[in-house]
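# Report on the structure
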Amino acid sequence: MTPSVSRACIPGLPGLVLALLTAACAPAPPQATLVEETRVAMGSSLRIAVWTSQREVATAALARAFDEVARLESLLTVWRASSDVSRLNAAAGSGVPVEVSADTTSVLGTALEAGRATGGTFDVTFGALSDLWRFDHDQDNTVPSAEAIAARLPLIDYTRVHVDEAGHRAWIDTPGVRVHLGGIGKGYAVDRVAALLRGAGFSDFLIQGGGDLYAAGHPGARAWRVGIQDPRGTPDDLFATIEVEDETVSTSGDYERFFEHNGVRYHHLIDPDTGWPATSLRSVTIVAPKAVDADWLSTGVFIMGPERGLALVESLPGVGAVLVTATGELRVSERLRDRVRIDHAPRTDVPAR
């Protein structure tokens with residue numbers, strides 16, 4: 001799910017799983033180049049690139065940006081016992097608020113707002129199912145029993161999570177309820193990096209973490225151009241493109257992390273109401289001003305389905321969406337209809353990869 005800058009314009013940037021990002025080959029300011037670095041962070045590849053003539057200043061800013069992401073990961077991950085989220089989960093049901101950072105309360109506050117906005121289809125307490133469904137290639141990809149899933153459903157309820165942002169505290173009022181910020185934490189980190197780069201004086205840059213991409217300004221005379229992958233095509237099969245400037249693009253799809261069993265595709269976008277993968281869409285691409293919002297919206301809209309999901313998108317200022325339904329039908333929100341170029345209809349005759 002990672003965009004890349006066109007090789008024709010700037011050689012050496014690899015393509016990604018979800019979308020292809022290209023910069024128009026327009027004349028650049030004298031001596032301007034792309035200063036970039038890629039590291040593994042927050043469970044995926046994180047690329048930060050700055051279009052500038054100030055290479056040394058940009059290199060120093062990139063180092064600070066990766067340090068900031070590492071700091072946020074140490075707070076928001078569930079894989080470290082000392083993180084804010086792990087300590088919050090460990091204290092679930094104790095009745096004792098946990099002191100956490102301002103970043104953690106900010107992410108949690110946004111996550112709870114997202115839960116309310118989606119009617120619970122985006123729910124950060126999906127962690128109760130994380131050990132039942134496994135979609136990594138090195139894991140035992142088996143279908144959980146209906147009984148095992150049903151037993152966990154009562155523990156998926158974002159209303160059990162409470163946040164005191166002013167006091168930098170949070171608590172979970174029910175034992176066994178577990179917060180997992182995998183559907184929103186990367187978006188928050190991308191926004192923080194964007195703020196850091198702007199504070200360093202840069203206006204033309206790209207941040208790509210997992211499926212969340214923020215494109216600021218433009219390299220040359222035109223905006224960044226982002227391609228949307230056909231969910232039943234190969235990673236370089238792009239059915240649509242859109243130009244973006246100072247916006248985030250985030251895609252969630254059933255082709256990212258999945259396995260097949262008896263001819264059925266099981267993927268990682270789980271409906272918290274049922275405990276099973278959502279089935280009405282193949283992919284959702286969100287365009288929004290902030291990465292944190294695009295992050296939760298791409299997941300929430302995928303689970304909500306095309307009708308409810310598009311209604312939510314249209315109600316939010318500056319937000320647009322491109323949806324591919326389970327039958328391959330293309331749905332584009334009103335705000336993006338004049339901006340998206342459709343190169344071909346999404347495929348319906350290609351078997352699951």
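The following paragraphs examine the structure supplied in this document. All of these numbers come straight from a predicted model, not from anything done at the bench.

Basis of the calculations
- Residues numbered from 1 in each chain as written.
- Predicted model: local features only at pLDDT ≥ 70, side-chain atom pairs only at ≥ 80, totals over all residues.
- Heavy atoms only, no water.
- Phe/Tyr/Trp six-rings, centres within 6.5 Å; stacked < 30°, edge-to-face > 60°.
- Helix = DSSP H or I, 4+ residues; strand = E, 2+ residues; numbered from the N terminus.
- Buried < 20%, exposed > 50% of the residue type's maximum accessible area, 1.4 Å probe, protein only.
- 1 Å grid on protein atoms, 1.4 Å probe; cavity = no way out; pocket = protein on both sides within 12 Å on 5 of 7 lines; lining within 4 Å.
- Points joined across faces, edges and corners; volume = space filled by probe spheres on them.
- Pairing = 2+ DSSP bridges.
- Salt bridge = Lys/Arg side-chain N within 4 Å of Asp/Glu carboxyl O.
- Core = buried A, V, L, I, M, F, W, Y, C linked by side-chain atoms within 4.5 Å.
- Contact = heavy atoms within 4.5 Å.
- Axes fitted to C-alpha atoms, helices over the stretch in contact; angles between N-to-C directions.
- Parallel < 35°, antiparallel > 145°, perpendicular 65-115°, else oblique.
- Left-handed = near helix turned anticlockwise from the far one by under 90°.
- Nonpolar A, V, L, I, M, F, W, Y, C, P; charged D, E, K, R; others polar.
- Lys, Arg positive; Asp, Glu negative; His and termini not counted.

Our focus in this paragraph is the packing of aromatic side chains. Applying the stated criterion to the full structure yields two aromatic pairs. With a centroid separation of 6.4 Å and 55° between ring planes, the pair formed by Phe122 and Trp296 is classed as tilted. Here the residue Phe122 occupies a position in the loop between helix H3 (102-117) and helix H4 (146-152), and Trp296 occupies one in helix H6 (residues 291-304), the gap between them amounting to 174 residues. Across the pair, Trp296 and Phe122 agree in class, each one buried.

Moving on, we come to empty space enclosed by the protein. Tallied over the full model, the rule gives one cavity of 30 Å³ or more. Estimated volume of the largest cavity: approximately 70 Å³. Lining the largest cavity, in full, are Ala41, Met42, Ser44, Leu46, Val69, Lys186, Ala189, Val190, Val193 and Gly209. Taken together, the elements giving at least two residues each to the lining of the largest cavity come down to strand E3 (44-52) and helix H5 (185-199). In terms of residue count, the dominant contributor to the lining of the largest cavity is H5 (four residues).

As defined by bridge partners, strand E2 (residues 33-41) adjoins E3 across nine bridges and the pair is classed as antiparallel. By the bridge assignment for E3, Arg39 is matched with Leu46. Hairpin geometry of E2 and E3 is characterised by an intervening segment of two residues between the two adjacent antiparallel strands and by a positive phi of about 55° at Met42.

Another point: the pattern of salt bridges. It is possible for side chains of opposite charge to pair when their charged atoms get near one another. One pass over the structure, following the stated rule, counts 20 salt bridges. Residue Asp343 pairs with Arg341 through a salt bridge whose shortest N-O separation is 3.0 Å. What emerges from the salt-bridge pattern is a single network uniting Glu68, Arg71, Asp103 and Arg192.

So, on to unusual backbone geometry. Of note, the phi angle at Met42 is positive, near 55°, even though the residue is not glycine. Structurally, the position occupied by Met42 is in the loop between E2 and E3. For Met42, a relative accessible area of 18% corresponds to the buried category. Of note in this structure, His168 is not a glycine but carries a positive phi near 55°. Relative to the elements of secondary structure, His168 occurs in the loop between strand E5 (161-164) and strand E6 (169-172).

Judged by nonpolar contacts, the single largest core of 68 residues is most densely connected at Ile48, Val179, Leu181, Phe205, Ile207 and Ile286. Residue contacts for Ile48: discarding those within four places in its chain leaves Val35, Glu36, Glu37, Leu62, Ala65, Phe66, Val193, Leu197, Leu206 and Ile207. Core analysis: the second largest hydrophobic core is formed by 21 residues, Leu34, Ala215, Val244 and Val287 among them.

On to the packing of H5 against H6, then. Between H5 and H6, the least distance of the axes is 7 Å, while the angle of their chain directions is 160°. As judged from the angle between their axes, H5 and H6 are roughly antiparallel. The chirality of how H5 crosses H6 is right-handed. Contacts from Gly185, Lys186, Gly187, Tyr188, Val190 and Asp191 of H5 reach H6 at Ala291, Val292 and Asp295. Along the lines of polarity and charge, the residues of the contact of H5 with H6 split into four nonpolar, two polar and three charged.

Take Asp271: it is sitting in the loop between strand E13 (264-267) and strand E14 (281-288). Look at Asp271: it is buried, it has no salt bridge, and the nearest opposite charge is Arg308 at 7.1 Å. Residues contacting Asp271, with those up to four places away along its chain left out, are Trp276, Ala278 and Ile303.

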